[in-house]
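The lines below spell out each chain.
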Amino acid sequence: MTEASEHDGATPERGAHAAGRGGGGTGERRPGSGRPAPQAAPRVRLVDVAREAGLSKTTVSAALNGTGRLSPEVRERARETARRMGYRPNATARQLRAGRARLIGYVVGELADTPWTFLESPYFARLTGATAATALARGYAVVLLPAGSLQSEWAALPLDAVVVADPVADDRIVEDLLAARIPVFSDRSVEGLPGAHWVDVDADAAVLEALDHLHAQGARRPVLVVPDSTTRFHREVEAAHRAWCAAHGLPERTVRAAEPGNGPVIQAVETALGTGADRPDALLVVAEASPPLVLDAARRHGYDVPGDLLLVCVSEDETALHTQPPVTTLSLRPDAVAEAGIAHLVAVLEQGLRETGGALVPVRLEVRGSSVRVG
């Protein structure tokens, strides 16, 4: 197959030279109507674009592929003509030539019991959108798979790789994908598995930075609110919190949210706020919840923030900027995670990278009024 042939045939033609426009052709008649049934318009071919642009087929192919020694004017004329005519390369020909369908599966392992609800999470919504946008810029489309996917749901899809975001412990889909020889890109829980690659956030550094900040502001009775989850990230958060408390001679105080979502997490926050003389003086809320709702819960229990209670939320929710006071957030930087993950994926698929290593992405603590004591 030549380079030009993968551009032949794609979308309905919109150029003035399209054969059959204006109702031409015979076609089948609609039953009972006496009129010919509508026919699909002819496909726009590379040769059609070349004729319209007044260029050779080889020149247009080079312009669309970004190859060849062409002047900027010629390259732009070819691309603009192709765009105006509605031309697209022949995807099937490209797949045959490259040996790839350029499709990436995407699944969130953490929410296997509630498929598709991950899009309600600001973190996963941003991670999903950034993954799709970054992949598309590299020429790959993302296929969303439900959490807890069974092999029957993806086995027939021509997936080049699958991104498994935050798999739970012993996630079956990771094992099944690797058995099917489909590369898996996930967090550090897959480290060392043949065919698996990882990009992760530095959970230890995240917890230490947040707790050190609270301690510097005078917190001596901090409470950690985490989801009841078996993902690697949340297990590492709890381990880092335990080590930090031991190093500072402080009691380890942890409350777990039974389920994801604002309701269960706010209930856990209210449990953490407690009553009596031993009430906390700081909260590190790792379980994802709306920062304004966390702030409201603290006020309902009689806390002044930041006077009585310092507050840090792990969140990508931009409403944290607009509360009074603004809520300090620990961002896991989903955009950076997506960019690093797709860059690694492309290196594996297109450059033959064989190492199954990965990369750690640093987090970002956005210090705001909820965790800073005036004076």
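One can find the structure itself at the top, above this paragraph.
This structure is a prediction, so every number in the text was calculated from the model and none was measured.

Cut-offs used in this document
- Residues numbered from 1 in each chain as written.
- Predicted model: local features only at pLDDT ≥ 70, side-chain atom pairs only at ≥ 80, totals over all residues.
- Heavy atoms only, no water.
- Helix = DSSP H or I, 4+ residues; strand = E, 2+ residues; numbered from the N terminus.
- Buried < 20%, exposed > 50% of the residue type's maximum accessible area, 1.4 Å probe, protein only.
- Lys, Arg positive; Asp, Glu negative; His and termini not counted.
- Salt bridge = Lys/Arg side-chain N within 4 Å of Asp/Glu carboxyl O.
- Contact = heavy atoms within 4.5 Å.
- Pairing = 2+ DSSP bridges.
- Axes fitted to C-alpha atoms, helices over the stretch in contact; angles between N-to-C directions.
- Phe/Tyr/Trp six-rings, centres within 6.5 Å; stacked < 30°, edge-to-face > 60°.

## Some thoughts on the side chain of R75
- By the secondary structure assignment, R75 is in helix α3 (residues 72-85).
- Of the buried charged residues, R75 lacks a salt bridge, with E76 as the closest side chain of opposite charge at 8.4 Å.
- For R75, the residues in contact, after removing those within four places along its chain, are A62, A63, G66, T67, G68 and L70.

## A few points about the pattern of salt bridges
- Summed over all chains, the structure comprises 15 salt bridges.
- In this structure, R172 and D176 form a salt bridge, with 3.0 Å as the shortest nitrogen-oxygen distance. Of the two residues, R172 and D176 are both situated in helix α7 (residues 172-179); the distance of four residues between them amounts to about one turn of the helix.
- Each of R45, D48 and R51 takes part in one network of salt bridges that share partners.

## As for the sheet that holds strand β11 (residues 358-361)
- As summarised here, the arrangement of the six strands in space is β2-β1-β3-β4-β5-β11, forming an open sheet in which the pairing is parallel. Either end of the sheet is taken by a strand with one partner, and the two such strands are β2 (141-144) and β11. Shown here is a sheet whose adjacent strand axes are inclined to one another by a mean of 20°, direction ignored.
- Where strand β1 (residues 103-108) meets β2, four bridges bridge the pair, whose relative direction is parallel. Directly across from L103, in β2, lies its bridge partner A141.

## Quick look at the environment of E209
- The residue E209 is located in helix α8 (residues 203-216) in this model.
- Overall, E209 belongs to the partly exposed group, its relative accessible area being 36%.
- As a C-alpha pair, E209 and V363 span 154 residues in sequence and 9.4 Å in three-dimensional space.
- Aside from chain neighbours lying at most four places away, what touches E209 is V363 and L365.

## Description of the packing of aromatic side chains
- Evaluated as defined, the whole model comprises one aromatic pair.
- Between the aromatic rings of Y123 and F124, the centroid separation amounts to 5.1 Å while the plane-to-plane angle is 70°, which identifies the pairing as edge-to-face.
- On the basis of relative accessibility, which here comes to 12%, the residue Y123 falls in the buried class.
- Of the residues examined, F124 reaches a relative accessible area of 5% and is grouped as buried.

## Some details on helix α2 (residues 57-65)
- Among the residues making up α2, those that are buried are V60, S61, A62 and A63.
- Buried residues along α2 sit against α1 (46-53) and α3.
- G66 sits one or two positions beyond α2 and adopts a positive phi of about 75°.

Geometry only, nothing functional implied.
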